[in-house]
Amino acid sequence: MEPVKHHTGLVYPLNRSNIDTDQIIPKQFLKRIERQGFGQFLFYNWRYDNEGNPKQNFSLNDPAYEGASILVAGENFGCGSSREHAPWALQDFGFKVIIAPSFADIFYNNCVKNGILPVQLPEEQTSELVKKAESGNYNLSADLKNQVVYDDTGFEASFEIVNYLKEMLLNGWDEIAVTLTHQDKIDAFEQAQEKTTSI
Amino acid sequence: MPKGVTHMATPKTIIDKIWEQHVVHQEENKPDLLYIDLQLVHEVTSPQAFEGLRMKGRSVRRPDRTFATMDHNVPTVARHIINDPVSKKQMETLQKNCEEFNVPLADIDHPDQGIVHVIGPELGLTQPGKTIVCGDSHTSTHGAFGALAFGIGTSEVEHVLATQTLWQARPKSMNVKVNGQLNPAVTAKDLILAIIAKFGVKFGTGYVVEYTGEAIRNLTMEERMTVCNMSIEAGARAGLISPDATTFDYLKGRRHVPEGEAFEKAVDYWSSLASDEGAAYDATVEIAADEVEPQVTWGTNPSMCIPVSGHVPAPEDGHSAADKEEIERALEYMGLEANQPISSVTVDHVFIGSCTNSRLSDLRRAAKVVEGKKVHPSVKAMVVPGSQTVKKAAEAEGLDKTFTDAGFEWREAGCSMCLAMNDDIVPPGERCASTSNRNFEGRQGNEARTHLVAPEMAAAAAVEGRFVDVRSYLTAPV
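Report follows, based on the coordinates. These figures come from a predicted structure and were not determined experimentally.

## Structural notes on the overall build of chain B
- Helix and strand counts for chain B come out as 16 helices and 19 strands.
- Relative to the compact-globule value of 23 Å for 478 residues, chain B shows a C-alpha radius of gyration of 22 Å, a close match.
- Each principal axis of the C-alpha distribution contributes one length, and for chain B these read about 75 × 55 × 50 Å.
- Going through the 478 residues of chain B one by one, you find that 66% of them count as buried.
- Counting only contacts in chain B whose residues sit at least 6 apart along the sequence, the fraction spanning at least 24 positions is 76%.
- Carbon and sulfur atoms form 50% of the exposed surface of chain B, whose accessible area is close to 16700 Å².
- The positive charge centre, built from 47 side chains, and the negative charge centre, built from 65, are 3 Å apart in chain B.

In structure tokens form, the structure reads like this:
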């Protein structure tokens, strides 16, 4: 995983609550066996009509948001299915930071494992960001080390992130390699477990 | 402790007990390294995980604690005609990966094949006190046995394959207490839908939920699985029920369950896991079981749900601007009018199946409703048993004949129209009464409209061509 430290980019606002992973990437695109190439299917049913033509009324199709890399959305973002294809699609499309008042647990974890920074901010602040971003020309910066997002017109908001996940993002750890350094403990756990009736 | 003073242990929840028994390693400022007893695997969320192992030259640590099947993609008719080459490749990839890494697999031809959350319990792989994961959010189903079971992403699937562990922050605990008893013909599905309607789609986020109370104790194992299955629809990664005699009776004699003396010892251990009297939870919510009526979802998430006697809400009913907008969007997507009685809504499709409601008792209850009747001429109805084992057992009782005589299609086991990854798709604009777990936009097909219901409600909708209260229907058929 590539380390994530600091990112500045164009903000795309998607002001809806409870955006589930079926919307982020519909099931017909989960059949591929690779991790790459899912960006073209992001929000597919919102972006395209039944003939595969872009829907004019869906704002992600607006050229003003071309190249957006920060997504601001409503509460409970990423609820539903555990499909990691959702962060793969967001990342492949170009999103590096996702800001929302709240996230679904599995999705949040999946983001971190893929080097996407999920930023949880109070609703007043996400609403403010949505308003600013609706102009189509709004850039924001996210600084993971200092746990803060800011723009150049005075907006600044700090956010919480569990230290372990922060370190993982900052260092781009291979988590499995880290865990395998504890292999002796896993062996010992298994030996002890086999002696009891717990399995 | 001074001599002669008996130590009173702090009462613990089942969540605490299972957690503490599975911590491999703890250090400051880090989540716990938690041992995983069982990983279930399916074709959709595993190929990238196996590929990850291959790229780093890693192996599967415990193939004997891993079990794979094919469910999401499999055709439910013409089993071996897989029209989509990408689907075909995904299934072949699972086959190849299981061979290469020695993982047991119930493939499409195997008598144990079925929906991963149906076959785990069926085979007795699911047991109280186990930590169970799967790259599938409905892994919460296995919590019905008093297991700590939760869905994970593909990176975590790879992590468990390689290490049999996961780094997990200790979750908060919530007691969802269901007081009193359910009324006759009100089901576990109605109960869990009513809970989500009452408390919302994210009340469980960050928690492991334990369902307690008289109504929960009275549920059969298959009903408990229906309740725990939909925990994730309330945001809870895991939902569980303390094991009791109902649990042990279900498990006895299943293939992977210990026998004889070992079973008795296992029962002693399993019994010790139940939450202690007076154990503290981080949060508690309560609901009265006798308030619950048969439910029908009207909108595009599972909390958008009303009793069958109710009316679809209007945007004005929303508590905030965002709420109002959400209701308006959902009404538009669902093609419904504000304040319309849900019983006036006609359906084009009926789907009885999914990891929520495709077990033998679900099929029996639905069959009872359709027995001697005909599917409404404007409805296309199908039953998709949760596993080959369920299918065989249902056929032995003649349930298949009851359904096909009524005009239902009787299919092979799989996830099918719950998420429509195979060819079982609801066409755009059409409406489906479904016993599955998600009514999200496009879930059953692009622009398809899903209403979640219990199996008997789905069966009644198939016959009537619209939603009816199955209770009056059962006593006085139209």
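Having put the structure on the table, let's press on.
## Thoughts on the packing of aromatic side chains
- Enumeration over the complete set of coordinates arrives at 23 aromatic pairs over all chains.
- On the numbers, 4.8 Å between centres and 40 degrees between planes, the contact of Y44 of chain A with Y48 of chain A is tilted.
- With relative accessibility at 21%, the residue Y44 of chain A sits in the partly exposed group.
- Chaining the aromatic ring pairs together yields one cluster made of Y12, Y65, F93 and F95 of chain A.
- Between R16 of chain A and the ring centre of W46 of chain A, over which it is positioned, the NZ or CZ distance is 4.2 Å.
- Its guanidinium or amino end placed over the ring of W46 of chain A, R329 of chain B lies 5.6 Å from that ring's centre, counting from NZ or CZ.

## Here's the deal with the environment of D400 of chain B
Residue and element names in this part refer to chain B.
- Among the secondary structure elements, D400 is positioned in helix 14 (residues 399-406).
- Along the sequence, D400 and I119 sit 281 residues apart, while their C-alpha atoms lie 20 Å from each other.
- Leaving out residues up to four positions away in the same chain, D400 has contacts with A394, E395 and W410.

## Regarding the interface of chain B and chain A
- With 71 residues of chain B at the contact, the number on the chain A side is 56 residues.
- Both faces combined, the contact of chain B with chain A buries some 5400 Å², and carbon together with sulfur accounts for 52% of it.
- Between chain B and chain A we count twelve salt bridges in total.
- The salt bridge involving R443 of chain B is made with D22 of chain A; its shortest N-O contact spans 2.9 Å.
- At the junction of chain B and chain A, the tally comes to 31 residue pairs in polar contact (both at pLDDT 80 or more).

## Brief notes about the pairing of strand 19 (residues 449-452) of chain B
Residues and elements named next belong to chain B.
- Along strand 19, one buried face is formed by R449 and H451 and the opposite face, lined by T450 and L452, is buried too.
- In the sheet, strand 18 (residues 431-434) pairs with strand 19 via four bridges, with the strands oriented parallel. Across the sheet, C432 pairs through a bridge with T450, a residue of strand 19.

## Describing the sheet that holds strand 5 (residues 139-143) of chain A
Residues and elements named next belong to chain A.
- In spatial order, the strands read 4-3-2-1-5-6-7; together these seven strands make up an open sheet with mixed pairing. Each edge of the sheet is formed by a strand with only one pairing partner; in this case those strands are strand 4 (117-120) and strand 7 (156-158). The mean inter-strand angle of the sheet, taken between neighbouring strand axes irrespective of direction, is 25 degrees.
- Of the strand pairs in this sheet, strand 6 (residues 148-150) and strand 7 are connected by three bridges, and their pairing is antiparallel. Paired with V149 across the bridge in strand 7 is A157.

## Considerations on the packing of helix 4 (residues 105-113) of chain A against helix 6 (residues 163-171) of chain A
All names here are of chain A.
- Running from N to C, helix 4 and helix 6 point in directions that differ by 30 degrees, and their axes come no closer than 9 Å. As far as their axial angle goes, helix 6 and helix 4 are roughly parallel. Residue-level inspection shows Y108, N109, V112 and K113 of helix 4 in contact with helix 6, the latter providing L165, M168 and L169.
- Of the residues contributing to the contact of helix 4 with helix 6, the split by class is five nonpolar, one polar and one charged.

## Some remarks on the pairing of strand 3 (residues 38-41) of chain B
All names here are of chain B.
- Across the two faces of strand 3 the burial is the same, with L38 and L40 and Q39 and V41 all buried.
- Relative to strand 6 (residues 131-134), strand 3 runs parallel, the two sharing three bridges. In the sheet register, Q39 faces strand 6, and the bridge partner there is V133.
- With three bridges joining them, strand 3 and strand 4 (residues 66-69) adopt parallel strand pairing. Note on strand 4: the bridge partner recorded for L40 is F67.
- The handedness of the strand 3 to strand 4 crossover, carried by helix 2 (residues 47-56), is right-handed.

## A word on the sheet that holds strand 1 (residues 23-25) of chain B
- The antiparallel open sheet is built from three strands, whose spatial order is 1-2-8 (chain B). At either margin of the open sheet sits one strand with a lone partner, and together these are strand 1 and strand 8 (165-168) of chain B. Mean inter-strand twist for the sheet, computed between neighbouring axes without regard to direction, equals 45 degrees.
- Summarising the sheet, strand 1 of chain B and strand 2 (residues 32-35) of chain B pair through two bridges and their orientation is antiparallel. Counterpart to V23 of chain B in the pairing with strand 2 of chain B is L34 of chain B.
- Against the sheet, helix 8 (residues 183-195) of chain A touches strand 1, strand 2 and strand 8 of chain B, its axis set at about 150 degrees to strand 1 of chain B.

## With respect to the environment of A283 of chain B
Residues and elements named next belong to chain B.
- Looking at where A283 falls in the secondary structure, it is placed in strand 12 (residues 283-288).
- Between the C-alpha atoms of A283 and M174, which are 109 residues apart in sequence, the distance is 4.7 Å.
- Residue contacts for A283: discarding those within four places in its chain leaves S173, M174, N175 and Y207.

Procedures and definitions
- Residues numbered from 1 in each chain as written.
- Chains lettered and ligands numbered in written order.
- Predicted model: local features only at pLDDT ≥ 70, side-chain atom pairs only at ≥ 80, totals over all residues.
- Heavy atoms only, no water.
- Helix = DSSP H or I, 4+ residues; strand = E, 2+ residues; numbered from the N terminus.
- Rg over C-alpha atoms; globule rule 2.2 N^0.38 Å.
- Buried < 20%, exposed > 50% of the residue type's maximum accessible area, 1.4 Å probe, protein only.
- Contact = heavy atoms within 4.5 Å.
- Areas by Shrake-Rupley, 256 points an atom, 1.4 Å probe, with all protein chains shown as cover.
- Lys, Arg positive; Asp, Glu negative; His and termini not counted.
- Charge placed at Lys NZ, Arg CZ, Asp CG, Glu CD.
- Phe/Tyr/Trp six-rings, centres within 6.5 Å; stacked < 30°, edge-to-face > 60°.
- Lys NZ or Arg CZ within 6 Å of the ring centre and 35° of its normal.
- Buried area = accessible area lost by both parts, 1.4 Å probe.
- Salt bridge = Lys/Arg side-chain N within 4 Å of Asp/Glu carboxyl O.
- Polar contact = N/O pair within 3.5 Å; in protein donor to acceptor, adjacent residues only side chain to side chain.
- Pairing = 2+ DSSP bridges.
- Axes fitted to C-alpha atoms, helices over the stretch in contact; angles between N-to-C directions.
- Parallel < 35°, antiparallel > 145°, perpendicular 65-115°, else oblique.
- Nonpolar A, V, L, I, M, F, W, Y, C, P; charged D, E, K, R; others polar.
- Right-handed = clockwise from strand over helix to strand, strands pointing away.

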